[in-house]
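Here is how the chains run, residue by residue.
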Amino acid sequence: MITSTLFPGRYVQGYGALRRLGGELSRFGSHGFLLCDAYVLDKIIPEVRADIESEISISIERFNGESSDEEIDRVVTRVRKAGGKVVAGIGGGKTLDTAKAAAHSLGLSSATVPTIASTDAPCSALTVIYHPDGTFKRYLVLPRNPDLVLVDTKVIVEAPVRFLVSGMGDALATFFEAESCRTSYSPNMTGDTGSMTAYALARLCYDTLLEYGLMARHAGEAHAVTPAFEHIVEANTLLSGLGFESGGLAAAHAIHNGLTVLHQTHHSYHGEKVTIGTLASLLLTDKPEDVVDEAFTFCESVGLPTTLEGIGLTVYSDEDLQRAADASCADGETIYHEPYPVTPRDVVAALKAVDNIGKSRLKMHREFAPMPADYAPASL
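Residues numbered from 1 in each chain as written. Predicted model: local features only at pLDDT ≥ 70, side-chain atom pairs only at ≥ 80, totals over all residues. Heavy atoms only, no water.

Trainee: Looking at this structure, I do not really get the pattern of salt bridges. What am I missing?
Mentor: Once the charged atoms of two side chains with opposite charge are near each other, the side chains can pair. Applying the stated rule across the entire model yields 24 salt bridges. One salt bridge in this structure joins Arg74 and Glu61, with 2.6 Å as the shortest N-O distance. Residue Arg74 is located in helix α3 (residues 69–82), and its partner Glu61 is located in strand β3 (residues 57–62); the two are separated by 13 residues in the primary sequence. A relative accessible area of 24% places Arg74 in the partly exposed class. Taking the shortest distance from any N to any O, the salt bridge between Glu61 and Arg78 comes out at 3.2 Å. Note that Glu61 is positioned in strand β3 and Arg78 in helix α3, a separation of 17 residues in sequence. The class of Arg78 is partly exposed, set by a relative accessible area of 34%. Salt bridges sharing common partners tie together Arg10, Arg20, Glu24 and Arg27. (Salt bridge = Lys/Arg side-chain N within 4 Å of Asp/Glu carboxyl O. Helix = DSSP H or I, 4+ residues; strand = E, 2+ residues; numbered from the N terminus. Buried < 20%, exposed > 50% of the residue type's maximum accessible area, 1.4 Å probe, protein only.)

Trainee: Would you explain helix α11 (residues 289–302) in this entry?
Mentor: Note on helix geometry: an α-helix contains 3.6 residues per turn, so any two residues three or four positions apart are oriented the same way. Counted at 1.5 Å a residue, the expected span for α11 with its 14 residues is 20 Å, and the 20 Å between its end C-alpha atoms agrees. If you check which residues of α11 are buried, you get Val292, Ala295, Phe296, Phe298, Cys299 and Val302. Taken end-on, α11 shows its buried residues confined to a sector of 160°, consistent with a single buried face. Relative to its buried face, α11 has exposed residues pointing more than 90 degrees away, namely Glu289 and Asp290. Of the residues trailing α11, Gly303 is marked for its positive phi of about 95°. (Expected span 1.5 Å × (residues − 1). Arc of directions from axis to C-beta.)

Trainee: Quick question: what am I supposed to make of the nonpolar core here?
Mentor: Considering soluble globular proteins, one finds that nonpolar side chains tend to be buried as a cluster. Counting residues in each nonpolar core, the largest one holds 58 residues, and the members touching the most others are Leu164, Met168, Ile255, Ile335, Val347 and Leu351. For this core, the leading source of residues is helix α6 (residues 161–184), giving eight residues. In this structure, Met168 is in contact with Leu209, Gly213, Arg217, Ile232, Asn236, Phe298, Val302 and Leu304, ignoring residues within four places of it in sequence. (Core = buried A, V, L, I, M, F, W, Y, C linked by side-chain atoms within 4.5 Å. Contact = heavy atoms within 4.5 Å.)

Trainee: When you look at the environment of Leu351 in this model, what are you seeing that I'm missing?
Mentor: Tracing the backbone through its elements, the reader meets Leu351 in helix α13 (residues 344–368). Note: C-alpha distance between Leu351 and Ala324 (27 residues apart in sequence) is 9.8 Å.

Trainee: What am I meant to see in the pairing of strand β5 (residues 109–114) here?
Mentor: Remark: a regular strand shows side chains that alternate across the two faces of the sheet. The buried fraction of β5 amounts to six of the six residues, a majority that puts the element mostly inside the structure. A two-sided burial pattern is seen for β5, the buried positions comprising Ser109, Ala111 and Val113 on one face and Ser110, Thr112 and Pro114 on the other. One ladder, built from six bridges, connects strand β4 (residues 86–91) with β5; its direction is parallel. Counted as the bridge partner of Val87 is Ser110 from β5. Since β4 and β5 lie parallel, the crossover through helix α4 (residues 93–106) that links them has a hand, and here it is right-handed. As judged from the two bridges shared by β5 and strand β8 (residues 148–152), these two strands associate in the parallel manner. Its bridge partner lying in β8, Thr112 is registered against Val149. (Pairing = 2+ DSSP bridges. Right-handed = clockwise from strand over helix to strand, strands pointing away.)

Trainee: Even after reading the chapter, I still don't get unusual backbone geometry, so can you show me in this structure?
Mentor: Glycine aside, residues mostly have negative phi, and peptide bonds are mostly found in the trans state. Its identity is not glycine, yet Tyr185 carries a phi of approximately 55°, on the positive side. Summarising the element assignment, Tyr185 is placed in the loop between α6 and α7 (196–221). Classification of Tyr185 as exposed rests on a relative accessible area of 60%. Within the chain, His223 stands out as a residue other than glycine whose phi angle is a positive 55°. Topologically, His223 is positioned in the loop between α7 and α8 (227–247).

Trainee: Looking at this structure, I do not really get the environment of Ala224. What am I missing?
Mentor: Tracing the backbone shows Ala224 in the loop between α7 and α8. For Ala224, a relative accessible area of 27% translates into the label partly exposed. Along the sequence, Ala224 and Ile56 sit 168 residues apart, while their C-alpha atoms lie 31 Å from each other. Those residues in contact with Ala224 that lie beyond four places of it in its chain are Val157, Ala219 and Phe229.

Trainee: Would you explain the side chain of Ser240 in this entry?
Mentor: Take Ser240: it is sitting in helix α8. Taking relative accessible area as the criterion, Ser240 reaches 0% and is therefore assigned buried. Sequence-distant contacts of Ser240, that is, excluding residues within four places in its chain, are made with Asp120, Asp170, Ala171, Thr174, Cys205 and Ala235.

Trainee: When you look at α8 in this model, what are you seeing that I'm missing?
Mentor: With 21 residues, α8 extends only 26 Å from end C-alpha to end C-alpha; this falls clearly short of the ideal 30 Å at 1.5 Å per step. The principal kink in α8, of about 40°, is found at Ala235. For α8, the tally of buried residues reaches 18 of 21 residues, placing the bulk of the element in the interior. Gly248 lies just past α8 and shows a positive phi near 115°. (Bend = angle between axes of the 7 residues up to and from the residue.)

Trainee: Please explain the sheet that holds β3 as it appears in this structure.
Mentor: The pairing of strands in a sheet comes from backbone hydrogen bonds and takes either a parallel or an antiparallel form. On the basis of which strands lie adjacent, the open sheet formed by six strands has the order β1-β8-β5-β4-β2-β3 and parallel pairing. Among the strands making up the open sheet, the edge pair consists of β1 (11–14) and β3. On average, adjacent strands in this sheet sit at an angle of 15° to one another, irrespective of strand direction. Two strands pair when backbone bridges link them, and β1 and β8 are joined in this way by four bridges, in the parallel orientation. Directly across from Gly14, in β8, lies its bridge partner Asp152. Each of β2 (31–36), β3 and β4 touches helix α2 (residues 38–53); the most contacted strand, β3, lies at about 180° to it. On top of the sheet, α3 reaches β2, β3 and β4; it is set at about 150° to β2, its chief contact. (Axes fitted to C-alpha atoms, helices over the stretch in contact; angles between N-to-C directions.)

Right, here's the structure in full:
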């Protein structure tokens, strides 16, 4: 049996790390091309441009908003004209994906600089390509991971805390999916089985969430970069990225993909839908009650959804759940990496059970929550 493990070339994280970007990029050539979303261009670049240009000459381009073939081709043309030797994407996921794809087209090194910690995509050798109208078109699997991933927690902490919490939802799936792949000998993103390193990092990701997740949320709400905040940013970005690519995906992300066919879920974030997929997967695979309880308790503590209403399904029918389940179990989906046979009927049952458990627990918490010490009836 041959195993494979995927890593970005270098991962840099910390408060003020963007001021090191020029020096990091200079390792790949004399001229850097920075693709930036509008917020980065207007609010962040003016503060760090001098530091970057003290190490490397740069060209800066505004991202047009969609990770499409048309935008990738436009950026490729701009990089060629500028004489760029390394392409860095700074911003949200679509900005990073476009930069990775453009660098690949030109045979150049790539760097990703995320401004939110909501997914594990910055470390991955994958670009999601959309039509210009924003509808999904295809995946582009790249031959290598980014050469540099640089995460400035001074920037990350200023984003709405919902992004950080959503990232925890995406990261929550990492250990459970990697463990399913390990026990079923299912492949990771390379087509090989994962290494013991990958599975150990997936476990570390889960343990980090449980230990620091709630403290990180509180820090994020206060816009304070604490050790707990740093740990969760690393778990959401690096550990989850290594875990999913090298450990493998299973039911949680397949159920996420199925839920996206329901338009009511489109306003919920990726990690929020993955959370429901993870909770459903625990019921699909007959996990012990203490494991299920631990996962629900964690989600409740940090504010991840534990009911279908939490991802927009305030009203749904059996037909809605069936459509989502059918999509979850489409040919080639990663739900078949589970060590148990899974059918659409099983997925419908698991989603209903998650919804019922989540509602029951929320009701119980409301009924038994202690009254605040300073509570007094309005009439007094």
